[in-house]
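# Structural overview
Now for the letters of each chain:
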Amino acid sequence: MRSCSLVFAAFATLACAAVAGAQQAGQEAVFTGTVTSAAGAPLPYASVFLKDLRAGVATGTDGTYRLVLPAARVTGRTDSLSVRLIGYQAKTVAVAVTAGAHSQNFALEANPLRLGEVVVTGEGTSTTRERLGNVINTVDTSLIARSNESNLVSALAGKAPNVEVNSSSGDPGSSSYIRIRGPKTITGTGQPMFVVDGVPIDNSTYSTEMEPLAGTTAPNRASDINPGDVASVEILKGAAAAAIYGARAGQGVVLVTTKKGQSGGTRYSLTSSYSFDNVNHRIPLQRTWGHGSDGVFPSCDASNPDGLPAESLLDCGPSTSSSFGPQLTAGTQTFDHFDELFDTGHNWNSALSISGGNDQTLYYFSAGRDNDDGHIVGPNNWYDRTTARLSASHRVFQDLNVGVDVSYVNTEGAFLQQGSNVDGLLLGALRTPPEFNNRHFIDATSGLQRSYRFPFPSVNSALDTRGYDNPFFVLNDNIAQSTLNRTYGNINASWDALDWLTFKETFGADYYVDERLEGFPQSSSGQPSGQVFRADFKAFQLDQNLTGTVRHTFNPSLSGSLTVGQNINSREFRQNAVTGITLVAPRPFDLLNTANWTPNDSQSTVHSESYFGQVDLNLWDRLFISGAARNDGFSEFGVSSQRHWFPKASLAYNFIQQNGGTGILGYGKFRFAYGETGTEPAVYSTTQFYSSGVFFLDAGWGSQLLQNQNGNGGLSQSPQKAQPDLAPERTKEFETGVDLGLFNNHADASVTLYQDRTEGAIFQAPLAASTGFVNQAQNAGTIRNRGIETSINYRPIMNSDLTWEVGLQWSKNENRVLSLNGQQFVDLSAGGGGGFEGTVPTAWLGSSVGVIRGNDFARCGRGLNISGVDIDSECGGAPRGALFIGADGFPVPDPTTRVIADGNPDWLGSLRTSVTYHKITVSGLLDIKHGGQIWNGTRGALDNFGTHIDTRIRGQSLVFGTSFMPGPVGGPGAGIPVVIDQSWFEGNGGGFGPVSAQFIEPGGYTKLREVSVAYSLDQPWIRQWGFSSIDLRLAGRNLYTWTKYRGIDPEANLAGAAVLIQGVDYFNNPQTRSFVISLGLNR
Amino acid sequence: MTMQRHFRLALSAAACVAVCAGCNGWLTGSDLTENPNAPTTAGRDQLLTAVGAGQTVFQTGDLARVFSTWMQQMAGTDRQFIPISLYQYPEDQFSADWIEVYDAGGLIDERALQKDALAAGDTAYAGIGMVWEAFTMGTAADIWGDIPYSQAVSDVLQPALDPQQQVFAQVQAKLDTALVYLACRSVTCSGPSATIDLWYGDSLPLWAELAHTLKARFYLHTATRDPGAYALALAQADSGISSPAHDLISWQSSDPNEWNLWYQFMVIQRSGYISAGQFLVDLLRTTNDPRLPLYFSSNGGAFLGAPPGGGAGAFSTLSATRLDPSFRQPMVTYAENQLIIAEAALQTGQQSIADAAFNAERASQGVPGKSGVTLNDIITEKYIALFQQIEPWNDYKRTCLPAITPAQASGVPGRLLYPSSAERNANQNVPPPAEQPARNWNQPNGCSG
């Protein structure tokens, strides 16, 4: 019997504990006072609490607090009254908890190093910053707010070293990819696990139609979090930090802590922001050459309302999809096929929060609404998110606290077809000849779609393909909608069973249903008979976590704690999808209105059962040693070894720890850590199964037979052989570093070095077909990442009136594939891989994971022999890497498959500054990605079609190496002028030719991510209006990008967060920049 | 207070016990270690259906198309089919066809079918599975020569190549067992139902006829090495397919999922890639053979075949009959059986039996007969009658008949290279192309151009 009664047992235990918590009565005690900075400025939102009694309150905007203990809780004993506030050193005084009034003021010293502040380390454990033996980057609420991003993942861009964030496009609701310290896997998407308040949540990206290279953009599901609800984000970067999460932490862990109520009066906060978004980069198109081929217009038909040489049939006349026609005569009207698709988008984001509580009960309620109306014209480009959240806790007894935290999210969106897709927006738009008016997308006579390849549709052409859809038809007549309802949260309890023993229980759940509907009208080029796609994606996760912590102080110089815990998790996913083709009537987009249905259903369930333990030792308050181990059992692991250990150990030594961090070197910490984490295998890789409903392919020609015949169901052996011994991928990491506080707290610096090695990376290894199988998942790859991370913060001015701080981050990661079980490369397969023919994302032995393999032109010094010609000897002393020019004056394609691009950056950096003068804060963030390459497939395709501005030179006589493709050349034809013409762009010089390397471009950038000016009003007259403060902010987001990339934006990826490979651009929808105004009312 | 403390300790202990007890069976079972999206077992009916579809692709798809261009029944006239028809192909060209021999819809499922049938005591059903296995493996041996068989579809990760001679011997033995099983009369011996058996409607005698014809075919293929095999082939063919109504023809229908592969290739997917071949068109026209319009289309009454590699011209394509989406492609026929008798009788000095068999075949095709038939008559007739099948290439390699002019001076390839991605890269028993023989054991002699 498979049952997990202990979840309930744990709760019963805690419920019983309530009985044990009875207490006696006494008289009321009242503590009051003011909390100020050392300079005397009142400090709002500081937390004031009695340690033993666990009673707390927050200061108001004037810095005052009033903590009332009801009569029943007055003990008469001595307790510690502490004040904590982020950015200040905590202070504690001993007080006697006796009936009556007590006054206690606090003046807090600044604490820019944040020593003593609590850091969440995962699975119910936490520590203070100076005790950490590994890097955990913290991003707090103010940094998230300044980003003006509605997607929490996008908000993390530039916030922590070696945390790469890549937004897939500027479309509302598009996904953002996040990767920490380089790729460590071949099969997954390589993104970290997300945990909210101790409970893992789903951050999947499900592409429409399960086809990430086409279809529409899709959200990553962590974007369902309202960023305004986030108190802080902690990033567990390496295995040393994340080992406590075992086999789900191989790519790191992002821990999100949400805002909670503070005791004191009820607080209200209403914030609202409004943005103006527009396209930040455009694709340059030529507007001098017309439709046609070989310098002549297509010759099919005469009548033509747009003055376009006409065609009545698809592909009638020579090369009618291209713009290699004659030069347009002066006065011919041409159209900007890029700009005409865009206008200004607006994002209106509003959030209300109400919070408060008393010494026993705390609550935080928030509601948010984010309306994102995209920057692309037409009605089908928007994404709305509605969130509501309640967090509440109640101290049932002095030693038993129970809480609940529940969030509800509704998102609705409309998306546009993009990418490698004849129904895609930019694919059709940018291939259109300059003189064709796409705005007339409906033919006046027939009422049917017209496109440049099908300009005069007759009434009988309703079911004929248009070659490529007219972009305005895509904007107005296609639909791709998503409606998501999601609830996630937890119930939790904390019981101090004995003074040295605490139990914590968290029971969490995350459930959503994403309902998708796509409709392609009749005459859509991909499916001219019309198509309806309907799918529900359902995900349901349950997580139960119980820990017990024992603390003991052996003597003043040695204390420690031991935590043991258990985690039980269940993840279920179900996809119910049906594609219906051939619309019966033109509308509605309803499956019952289609003639032919194909289901594509699947489901999966993953269970895990884990045990973990952690020992923390504190010696002399200077040396902190931590050791932990987790034992994971996953249903995805091979049954022969279903349990695996993941250990970690760390050491932190505070070699300088002067009071308050004063002095030139006021604080110094050395840290060293080792840890192991895992990446779980794909579900159901361990069992053999039969395939149903599959086709037997007639080699690669497209002809095929279904294995069901004449109504008889057929079953055939799956070509993938089960791997019953599959184990998790294992990442082992060493990490060491130093943290320093300098110049009387005016500066701090941190350096971290790490090296990790992922062993047993899983991929599908080929088998000899004569075994009966084609391939088999194997733990056979080895990948290494190593790098350095530095950050320096400098605070030149730290007055109570004026503060100025500058932060610099720099990080570098080097990724290398060390072993692929004898293979030279393994193509990345997850989610369709994310690549194209000729540009295949690959893990390449001796190079990196995520490089692109393809073909280049022949170059000197590569030892090439092409068709019997020894290239190097023909190069005649040209430098290594010089372009080889054949006798005809043209370069020669090299048939050798090689690595042609590496999307991984050389280094990442960011520069942040912030100046506060009284109530005005000015801040900015520069985000730098240096190196890394992108495949500009859009340019390649547009060269082929003659619409890219690069093709304007057609007909000119040019010389390779000097007047064309400048650079060193060699070979018999070097220096010979040749005519660059249609045949070049449609052949070896275009995107459909064999040489994809020529469309690889530098993908580095420097982005002005954030600029903002904020002003906070809290003058008395504001208070007379009933507000405690009013916040005004004017901000810019991604205002400028410095880049050598010539495509839509260097921060772009066609398949978004759905795949591991980044740096693929093929008719991606563009990125945006924004101006934002924001108003906050607080009471 | 002490009571309370004991109570707290007891509760804490209880929590620990609850945790340590763990969750029984939480990690294994249905939906966890068993895939809920696909069955883990398959019955013989489902396997037979899949094998039928998979082997239809193997026998009537890519290979038959390519060999028909090599044999100049057809011609490659566009894109990749021009070099392929001129024998120029990369090492990996036929990997999908190789996979069809062993993987899904091939040997692994044919074996599973037999196992399931035998477990149920249905030896007749197992016999049908053995006939399919013999058909698959014998054909593969014809094409590639030495192939993995005795160690194939087993736990051996790198199966050894069995010499072609041994593969043929194993195929004969498999068919012998099949014939014993097909003759079974026990109560558990029912075979597939008529709706599942899309070829013979559960007629076990017809499956037995097919088994005899296959035995005859594969004996004939070894006769160049072992002339004694002619007599064996003749004896088997005497019990072989006894009427055109008993032909093994592929299952096709008007359902798009069951469309004839030639139709899919030539009309839907790759229009113009192949056209009628000049040699066969001219042969049929010069002999006034009534099969010309049955095989090919005309342009205004004119039949034009393309030379190897194509060229300019309004070339004929397949006839409307042959391009009907539901045309059922012949795989093993009465015509082949009769012509095996004719050839085997001729080679064993029995001219009258040869004449009779030849004329019976010609009559069944609606073509006049003759007496004193020669080997050229027989193989040429087989070349015409077995149009679109793999077998004319096998006959040519043995007999150099009919005397086509190969597209390259090197002659028509005697075998295919082992595919690299599907086999050689993961099986060290397979030699690289340079070390592979040009011809198979059973056809040691090339044909002079």
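Residues numbered from 1 in each chain as written. Chains lettered and ligands numbered in written order. Predicted model: local features only at pLDDT ≥ 70, side-chain atom pairs only at ≥ 80, totals over all residues.

## Observations concerning the overall build of chain A
Scanning chain A from N- to C-terminus turns up 9 helices and 58 strands. Against the 2.2 N^0.38 benchmark of 31 Å for 1083 residues, chain A shows a C-alpha radius of gyration of 32 Å, consistent with a compact globule. Referenced to the eigenvectors of the C-alpha coordinate spread, the extents of chain A come out at roughly 100 × 70 × 70 Å. The buried share among the 1083 residues of chain A stands at 53%. For chain A, the share of sequence-separated contacts (at least 6 apart) that also reach a separation of at least 24 residues comes to 70%. (Helix = DSSP H or I, 4+ residues; strand = E, 2+ residues; numbered from the N terminus. Rg over C-alpha atoms; globule rule 2.2 N^0.38 Å. Buried ≥ 20, exposed ≤ 12 C-beta atoms within 10 Å, placed from the backbone. Contact = placed C-beta atoms within 7 Å.)

## Observations regarding the sheet that holds strand 43 (residues 849-854) of chain A
Residues and elements named next belong to chain A. Read from one edge of the open sheet, 4 strands run 41-42-43-47, paired in antiparallel fashion. Each end of this open sheet is capped by a strand with a single partner; those strands are strand 41 (825-827) and strand 47 (898-902). Neighbour-to-neighbour, the strand axes of the sheet open up by a mean angle of 50 degrees, direction not taken into account. Here 4 bridges tie strand 43 to strand 47, and the two strands are oriented antiparallel to one another. In the sheet register, Arg 853 faces strand 47, and the bridge partner there is Val 899. (Pairing = 2+ DSSP bridges. Axes fitted to C-alpha atoms, helices over the stretch in contact; angles between N-to-C directions.)

## Observations concerning the sheet that holds strand 14 (residues 193-196) of chain A
Residues and elements named next belong to chain A. Ordered in space as 11-16-17-14-15, the 5 strands form an open sheet in which the pairing is mixed. The strands lining the two open edges of the sheet, one partner per strand, are strand 11 (136-140) and strand 15 (199-201). Each neighbouring strand pair of the sheet contributes to a mean axis angle of 25 degrees, computed without reference to strand direction. As defined by bridge partners, strand 14 adjoins strand 15 across 3 bridges and the pair is classed as antiparallel. Its bridge partner lying in strand 15, Val 195 is registered against Pro 200.

## Some thoughts on the environment of Gly 309 of chain B
Relative to the assigned elements, Gly 309 of chain B resides in the loop between helix 13 (292-295) and strand 4 (330-332). A C-alpha to C-alpha distance of 6.0 Å links Gly 309 of chain B and Thr 77 of chain B, two positions 232 residues apart in sequence.

## Concerning the environment of Thr 348 of chain B
Residue and element names in this part refer to chain B. Looking at the element boundaries, Thr 348 is found in the loop between helix 14 (334-347) and helix 15 (351-364). For the pair Thr 348 and Ala 231, spaced 117 residues apart in sequence, the C-alpha separation works out to 7.0 Å. Residues contacting Thr 348, with those up to four places away along its chain left out, are Tyr 230, Ala 231 and Leu 234.

## Concerning the confidence of the model for chain B
Overall, the predicted model of chain B reaches an average pLDDT of 92, with 97% of residues at or above 70. This complex was scored by the predictor with a pTM of 0.87 and an ipTM of 0.94. (pLDDT = per-residue confidence, 0-100.)

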